[in-house]
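In case you want the letters, here they are:
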Amino acid sequence: MSIKVSDFLYRVSNTYFIQYLQEIFDIDLDEMREIQKDFLSQMKRGLQGKESPLKMLVTYAHMPDGNERGSFIALDLGGTNLRILLVELQGAGKVRMVKEKRVTIHKRHTRGKAAKLFGFIARSIEDFMRECRIKPYMKINIGFTFSFPVKQLAINRGKLMHWTKDFAITEEEGLDVVELLNCALTKRNLHNLKVAALLNDTVGTLVTRGYSEHDCDAGMILGTGTNACYIEKPSNITKAHIKGLKKKGMIVNIEWGNFDKLRLTEYDRAIDKESGNIGMQLLEKTVSGKYLGEIVRVTLKDLARRKFIFSLYPQSRPFDKPGTFNAEYLSRIEADSSSDLKQVASVFKEIGAAPTVLAERRLVKNTCGIISRRAARIIASVLTAVIFKMDPYFLKRHVVAVDGSLYEKHPFFSAHILEAMRELLGKRADKITLELTKDGSGKGAAIVAAISTG
Ligand code: GLC
């Protein structure tokens with residue numbers, strides 16, 4: 001079989017380039033250990049109130065015992081949707097979702113004044129109450145999952161530190177989120193509703209699994225954003241402003257998305273530069289669903305510029321515009337096991353890209369794999385640091401409750417995390433179980449509301 005010189009050159013340079021990508025995105029065992037060590041020391045600094053990229057936020061939330069009961073409204077404001085749920089806790093670890101409403105958060109809600117966003121939330125709750133036929137005299141407590149960094153002062157009081165996930169509300173620091181919501185509810189005459197608990201989505205995920213599983217001591221989100229929480233001994237929390245904690249284990253929201261001791265590639269830097277919060281949330285920008293697709297996009301843009309893809313259609317530039325490639329495409333491409341990579345072709349068609357030949361599609365699939373594997377290895381490094389923090393000698397079993405579309409939908413993300421944890425911990429990794437815990441931010445809000453009013 002003869003091969004054209006141009007094809008030959010393409011294959012050689014293509015191989016070199018993929019090796020280059022592999023090198024810059026690879027995180028070997030030494031680097032994972034380094035990340036783990038840095039992360040652990042930053043966790044300690046954060047708990048002591050020293051300067052640290054990790055906020056280590058005290059949540060005033062404790063673990064449930066499984067016997068909490070009652071009906072609650074759960075509100076979940078995460079990033080892409082607002083969800084309102086009527087949840088019934090039946091005790092003995094059982095939760096019933098009575099009704100759910102999902103409302104899209106449009107970009108216009110994430111810009112401008114906070115009162116506008118909260119007015120929209122209260123309006124949506126009013127509609128929901130009508131749909132559920134909840135009468136104005138029926139008193140009901142709300143558990144509010146608000147998945148942004150909040151400095152909590154009590155279980156039902158918390159000040160927003162700053163917005164993440166591309167929310168660009170004009171007033172920032174110091175907004176009391178519960179006060180804002182209560183105010184918006186009062187304006188709509190919803191006097192029968194009271195916000196009993198404010199919590200992060202990681203906390204909701206942890207308590208939801210913890211409601212029925214006693215070994216659960218950490219919660220992790222791998223979705224639009226990424227973050228984790230865990231149970232800390234109150235005596236280890238020595239920040240000056242935290243006083244009078246009970247003896248019971250306290251759930252701490254790490255806000256790990258802001259960890260910044262990571263080696264970034266030129267592609268990560270490009271994403272950071274295009275973001276609305278340059279230099280912040282750097283771990284989130286290398287790992288989470290909101291940014292993973294973007295890293296692939298800028299890398300593919302570079303591949304196109306170097307004529308490794310669209311070699312027959314050099315004028316095709318579908319990756320120039322931010323947001324054209326998302327994490328769902330990434331999952332579909334990586335899951336494609338057809339011999340001619342049909343899914344890759346179909347994703348490209350959806351994006352409006354020019355046709356590709358098989359070698360180009362292979363390159364795209366490899367690129368996606370390299371980038372998502374790195375993300376999973378970063379997560380394994382920091383998650384094992386969290387387990388070390390709780391149990392340095394691995395004396396007990398640890399269940400980590402996990403929620404989020406990236407973890408759920410990506411074909412290899414969880415396997416990559418487990419593989420990397422094994423590299424880091426050897427047999428001790430068997431003591432850690434990752435459990436997909438769907439809808440923790442809904443059910444968990446009801447559970448925390450029940451604990452706080454019980
Ligand atoms: C962002 C938020 C954090 C949240 C995470 C997952 O990192 O700052 O509070 O838990 O996204 O939704």
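The paragraphs below set out a description of the structure included in this document. Predicted model only: the values in this text are computed from it and were never measured. (Residues numbered from 1 in each chain as written. Predicted model: local features only at pLDDT ≥ 70, side-chain atom pairs only at ≥ 80, totals over all residues. Heavy atoms only, no water.)

1. Quick look at the overall build of the protein
Within the protein one finds 14 helices and 15 strands. For the protein, the C-alpha radius of gyration of 23 Å lies close to 22 Å, the compact-globule estimate for 454 residues. Dimensions along the principal axes, computed over C-alpha positions, put the protein at roughly 80 × 50 × 40 Å. Within the protein, the fraction of its 454 residues that count as buried is 56%. Across the protein, every contact between residues at least 6 apart in sequence was considered, and the portion connecting residues at least 24 apart equals 72%. As displayed, the protein has an accessible area near 20,000 Å², and 51% of this comes from carbon and sulfur atoms. (Helix = DSSP H or I, 4+ residues; strand = E, 2+ residues; numbered from the N terminus. Rg over C-alpha atoms; globule rule 2.2 N^0.38 Å. Buried < 20%, exposed > 50% of the residue type's maximum accessible area, 1.4 Å probe, protein only. Contact = heavy atoms within 4.5 Å. Areas by Shrake-Rupley, 256 points an atom, 1.4 Å probe, with all protein chains shown as cover.)

2. Some points on the sheet that holds strand β2 (residues 69–77)
Strand order across the open sheet formed by five strands is β4-β3-β2-β6-β10, with mixed pairing between neighbours. Two strands in the sheet have a free side with no partner beyond their single neighbour: β4 (94–104) and β10 (193–199). Taking each pair of neighbouring strands and ignoring which way they run, the sheet shows an average axis angle of 25°. Contacts from helix α3 (residues 114–132) reach β2, β3 (81–91), β4, β6 (140–146) and β10, with the element oriented near 125° to β4. Here helix α4 (residues 177–187) sits on the sheet in contact with β2, β6 and β10, set at roughly 155° to β10. (Pairing = 2+ DSSP bridges. Axes fitted to C-alpha atoms, helices over the stretch in contact; angles between N-to-C directions.)

3. A look at the packing of aromatic side chains
According to the stated counting rule, one finds 18 aromatic pairs in the structure shown. Their ring planes at 70° and their centres at 5.1 Å tell us that Phe-148 and Trp-163 sit as a pair that is edge-to-face. One end of the pair, Phe-148, is in the loop between β6 and β7 (150–154); the other, Trp-163, is in the loop between β8 (157–160) and β9 (168–169), with 15 residues separating them in the sequence. With respect to burial, Phe-148 and Trp-163 carry one shared label: buried. Arranged with centres 5.6 Å apart and planes meeting at 55°, the rings of Phe-325 and Tyr-329 form a pair that is tilted. Among the aromatic residues, those joined into a cluster by ring pairs are Phe-118, Phe-144, Phe-146, Phe-148, Trp-163 and Phe-167. Positioned above the aromatic ring of Phe-394, the side-chain terminus of Arg-428 is 5.4 Å from the ring centre. (Phe/Tyr/Trp six-rings, centres within 6.5 Å; stacked < 30°, edge-to-face > 60°. Lys NZ or Arg CZ within 6 Å of the ring centre and 35° of its normal.)

4. As for the site of the ligand
Close to the ligand lie 14 residues; Lys-165, Asn-200, Asp-201, Glu-255 and Glu-284 are nearest. A distance of 3.4 Å separates an oxygen atom of the ligand from a polar atom in the backbone of Phe-148. Between an oxygen atom of the ligand and a side-chain N or O atom of Glu-284, the distance comes to 2.5 Å. Broken down by class, the residue content of the shell around the ligand amounts to three nonpolar, seven polar and four charged. (Near = heavy atom within 4 Å. Polar contact = N/O pair within 3.5 Å; in protein donor to acceptor, adjacent residues only side chain to side chain. Nonpolar A, V, L, I, M, F, W, Y, C, P; charged D, E, K, R; others polar.)

5. Some details on the pairing of β7
Of the strand pairs in this sheet, β7 and β8 are connected by four bridges, and their pairing is antiparallel. Within the sheet, the bridge partner assigned to Ala-154 lies in β8 and is Arg-157. Between β7 and the antiparallel strand that follows it, β8, lie two residues.

6. Considerations on the side chain of Asp-439
Position of Asp-439 relative to the elements: it lies in the loop between β15 (432–436) and α14 (440–453). Here Asp-439 is in contact with Arg-83, Leu-85, Met-97, Asp-403 and Gly-444, once residues within four sequence places are set aside.

7. Regarding the environment of Met-32
Within the secondary structure, Met-32 sits in helix α2 (residues 29–48). Here Met-32 falls in the buried class, since its relative accessible area comes to 0%. Put simply, Met-32 and Ile-379 are 347 residues apart on the chain and 9.5 Å apart in space, counted from C-alpha to C-alpha. Excluding anything up to four places from it in sequence, Met-32 contacts Ile-27, Arg-377, Ser-381, Ala-420, Glu-423 and Leu-424.

8. Observations concerning the sheet that holds strand β12 (residues 226–232)
Within the open sheet, the six strands sit side by side as β1-β13-β12-β11-β14-β15. Their pairing is mixed. In this open sheet, the two strands that pair with only one neighbour each are β1 (57–58) and β15. Of the pairings in the sheet, the one linking strand β14 (residues 398–403) to β15 comprises five bridges and is parallel in character. The residue of β15 that forms the bridge with Ala-401 is Glu-435.

9. Side note on the state of the cysteines
One pass over the structure, following the stated rule, counts zero disulfides. Considering cysteine sulfurs only, Cys-229 is the nearest to Cys-216, which forms no disulfide, with 8.4 Å between them. Cys-216 gets classed as buried once you look at its relative accessible area, which sits at 2%. (Disulfide = S-S within 2.5 Å.)

10. Describing a nonpolar patch on the surface
Side chains of Leu-312, Tyr-313 and Val-357 sit close together on the surface and give an oily, nonpolar patch of about 270 Å² of accessible area. Note that Leu-312 resides in the loop between α8 (289–305) and α9 (327–335). Under the relative-accessibility criterion, Leu-312 is labelled exposed at 62%. (Patch = residues over 30% accessible without salt bridge, like charges linked within 9 Å, V, L, I, M, F, W, Y side chains within 5 Å. Salt bridge = Lys/Arg side-chain N within 4 Å of Asp/Glu carboxyl O.)

11. Digging into the environment of Asn-200
One can find Asn-200 in the loop between β10 and α5 (201–210). Judged by relative accessible area, Asn-200 falls into the buried class, the value being 5%. For the pair Asn-200 and Lys-44, spaced 156 residues apart in the sequence, the C-alpha separation amounts to 21 Å. Side chain to side chain, Asn-200 and Thr-202 meet in a polar contact 2.6 Å long.

12. Describing the nonpolar core
The nonpolar side chains of soluble globular proteins are, as a tendency, buried together. With 83 residues, the main nonpolar core has Met-220, Trp-256, Phe-325 and Ile-417 as its most contacted residues. Per-element accounting of this core gives the leading share, 16 residues, to helix α11 (residues 358–390). Beyond its immediate chain neighbours, meaning those up to four positions away, Trp-256 contacts Phe-39, Leu-54, Met-220, Thr-226, Asn-227, Ala-228, Leu-283, Ile-379, Val-382, Leu-383 and Val-386. Within the second largest apolar cluster, 40 residues are counted, among which are Val-103, Ile-140, Val-178 and Leu-190. (Core = buried A, V, L, I, M, F, W, Y, C linked by side-chain atoms within 4.5 Å.)

13. Looking at α5
Within α5, 10 of the 10 residues are buried, which leaves the element mostly enclosed by the surrounding structure. Where α5 is concerned, the buried positions are Asp-201, Thr-202, Val-203, Gly-204, Thr-205, Leu-206, Val-207, Thr-208, Arg-209 and Gly-210.

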